[in-house]
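An overview of the molecular structure
What follows is the residue order along each chain.
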Number of protein chains: 2
Amino acid sequence: MVVDMLSEDEVDRLFQALADATRRDIVARVLIAEYSVSGLAEQYDMSFAAVQKHVAVLERASLVTKERRGREQIVRGQVDGVQKARRLLDEYEEIWRQRVDRITDILAADAQDED
Amino acid sequence: MVVDMLSEDEVDRLFQALADATRRDIVARVLIAEYSVSGLAEQYDMSFAAVQKHVAVLERASLVTKERRGREQIVRGQVDGVQKARRLLDEYEEIWRQRVDRITDILAADAQDED
DNA sequence: CATATCTACAACCATATGGTTGTACGTTAC
DNA sequence: GTAACGTACAACCATATGGTTGTAGATATG
């Protein structure tokens, strides 16, 4: 059963956001604890602006949220984004399982014929 | 527990391959049944070469396999690629769940303090 | 053999991506 | 008020991506 109703664009953004090691690391970090954008930037060997862009990509993909706190912007992980992506992949596995079942049925029918 | 041991590059390729609607559709199709590359190309409103490139991306990501049969190249879905990606996402959910548990513990400890 | 089919691959183009530096602006601290 | 901090955003660059057309090789079919 499909519960998600994600547009193709949303799914594109989800997987595209996950297709970068730095961004996956950011997701893991902010699922564990809050970070400011500059706090995140300290963790990586790249400019603040680069990290800022990664966070923006993750935000557009609904994998993190940003919330202003004073002069800082707090980044938090958004687990339902992760869950949506996982459920998508579950559906592919389901498709595959159904094919296996179908093939098993066919083989069973063949066995019947041979009786 | 991590069982996968996928390199960052492999994961990059996996998610990158899934970040395109045409490629996701190809994966779904070849999980259900075999297709030749030209058979796949008929399904989409783009050139044969474009579909060929998409299949190549999926192959590098271990989401499909190609096998020559006469002059055709048969494409099949590779479910373990899908499963690897899903397990990756499971790990993120696990990270998140552990944080929730930790926060719950802290709240419980605070409640203790107030007694 | 001749022809049609399926694939491979190169060359090209427009746009997207991942990075940089520089500038500007709001917020906190002294 | 001034300086330092955190952020936003523009401009720029190199490379990757998703598409095209064209050419060539291998395999089947008449």
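Refer to the preceding data block for the structure.
Residues numbered from 1 in each chain as written. Chains lettered and ligands numbered in written order. Predicted model: local features only at pLDDT ≥ 70, side-chain atom pairs only at ≥ 80, totals over all residues. Heavy atoms only, no water.

A few words on the protein's contact with DNA strand D. Taken together, 21 residues surround DNA strand D, and among them Ser38(A), Gln73(A), Ser47(B), Lys53(B) and His54(B) come closest. Near the protein, meaning within 4 Å, the atoms of DNA strand D are sugar or phosphate in a fraction of 67%, with bases accounting for the rest. In this structure, a phosphate oxygen belonging to DNA strand D sits 2.5 Å away from a side-chain N or O atom of Gln73(A). The dominant element in the surface near DNA strand D, judged by the number of residues it contributes, is helix α4 (residues 48-60) of chain B, at 4 residues. Class assignment for the residues of the surface near DNA strand D results in 6 nonpolar, 8 polar and 7 charged. (Near = heavy atom within 4 Å. Polar contact = N/O pair within 3.5 Å; in protein donor to acceptor, adjacent residues only side chain to side chain. Helix = DSSP H or I, 4+ residues; strand = E, 2+ residues; numbered from the N terminus. Nonpolar A, V, L, I, M, F, W, Y, C, P; charged D, E, K, R; others polar.)

With that out of the way, let us pick up the relation of the copies chain B and chain A. Least-squares fitting of chain B to chain A yields an RMSD of 0.0 Å, with the superposition described by an axial translation of 0.0 Å and a rotation of 180°. Within this description, the copies of the chain are treated as partners about a two-fold rotation axis. In this assembly, 100% of the residues forming the interface of chain B have copies in chain A that are likewise at the interface, indicating an isologous arrangement. (Least-squares fit on C-alpha atoms with pLDDT ≥ 70 in both. Contact = heavy atoms within 4.5 Å.)

Next up on the list: the protein's contact with DNA strand C. For DNA strand C, the set of nearby residues contains 22 residues, the closest of which are Ser47(A), Lys53(A), His54(A), Ser38(B) and Gln73(B). Taking all atoms of DNA strand C within 4 Å of the protein, the share assigned to sugar and phosphate is 66%. With respect to DNA strand C, the side chain of Arg71(B) contributes an N or O atom lying 3.4 Å from a sugar or linking oxygen. Residue Gln73(B) places a side-chain N or O atom 2.5 Å away from a phosphate oxygen belonging to DNA strand C. Secondary structure elements with two or more residues in the surface near DNA strand C: α4 (48-60) of chain A together with α3 (37-41), α4, β2 (64-69) and β3 (72-77) of chain B. Ranked by residue count, the leading element in the surface near DNA strand C is α4(A), at 4 residues.

What follows deals with the sheet that holds β2(B). Residue and element names in this part refer to chain B. Strands sit in the order β1-β3-β2 across an open sheet of 3 strands; the sheet is antiparallel. Looking at strand neighbours, the two that pair on one side only are β1 (35-36) and β2, the edges of this open sheet. Bridge analysis of β2 against β3 gives 6 bridges, and the strand direction is antiparallel. Bridging across to β3, Val-64 finds its partner in Gly-77. Running over the sheet, helix α2 (residues 21-32) touches β1, β2 and β3 and is turned about 95° from β3. Sitting on the sheet, α4 is in contact with β2 and β3, with an inclination near 120° to β2. (Pairing = 2+ DSSP bridges. Axes fitted to C-alpha atoms, helices over the stretch in contact; angles between N-to-C directions.)

Within the structure shown, the criterion is met by 22 salt bridges over all chains. The salt bridge partner of Asp25(A) is Arg29(A), with a shortest N-O separation of 2.9 Å. Taken together, the positions of Asp25(A) and Arg29(A), both in helix α2 (residues 21-32) and 4 residues apart, correspond to about one turn of that helix. Look at Asp25(A) and you get partly exposed, because its relative accessible area is 31%. When its relative accessible area of 24% is taken as the criterion, Arg29(A) is described as partly exposed. Put simply, Asp90(B) and Arg86(B) hold a salt bridge, and the shortest N to O gap is 2.8 Å. (Salt bridge = Lys/Arg side-chain N within 4 Å of Asp/Glu carboxyl O. Buried < 20%, exposed > 50% of the residue type's maximum accessible area, 1.4 Å probe, protein only.)

A few words now on the interface of chain B and chain A. With 29 residues of chain B in contact, the opposing surface of chain A contributes 29 residues. Interface area, chain B with chain A, both sides summed: about 2,900 Å², of which 65% is carbon and sulfur. Taken as a group, Arg24(B), Tyr92(B) and Glu93(B) account for 22% of the area that chain B buries against chain A, more than any other trio of residues on that side. Along the contact surface separating chain B from chain A lie 8 salt bridges. The interface formed by chain B and chain A holds 15 residue pairs in polar contact (both at pLDDT 80 or more) in total. Elements that contribute at least two residues to the side of chain B that touches chain A include exactly α1 (8-18), α2 and α5 (79-114) of chain B. Here the element with the most residues in the side of chain B that touches chain A is α5(B); it accounts for 13 residues. (Buried area = accessible area lost by both parts, 1.4 Å probe.)

This next bit is on the environment of Arg102(B). The residue Arg102(B) is located in helix α5 in this model. For Arg102(B), the side chain forms a polar contact with the main-chain oxygen of Ile32(A), separated by 3.4 Å.

Take it as geometry only, folks, not as evidence of what the structure does.
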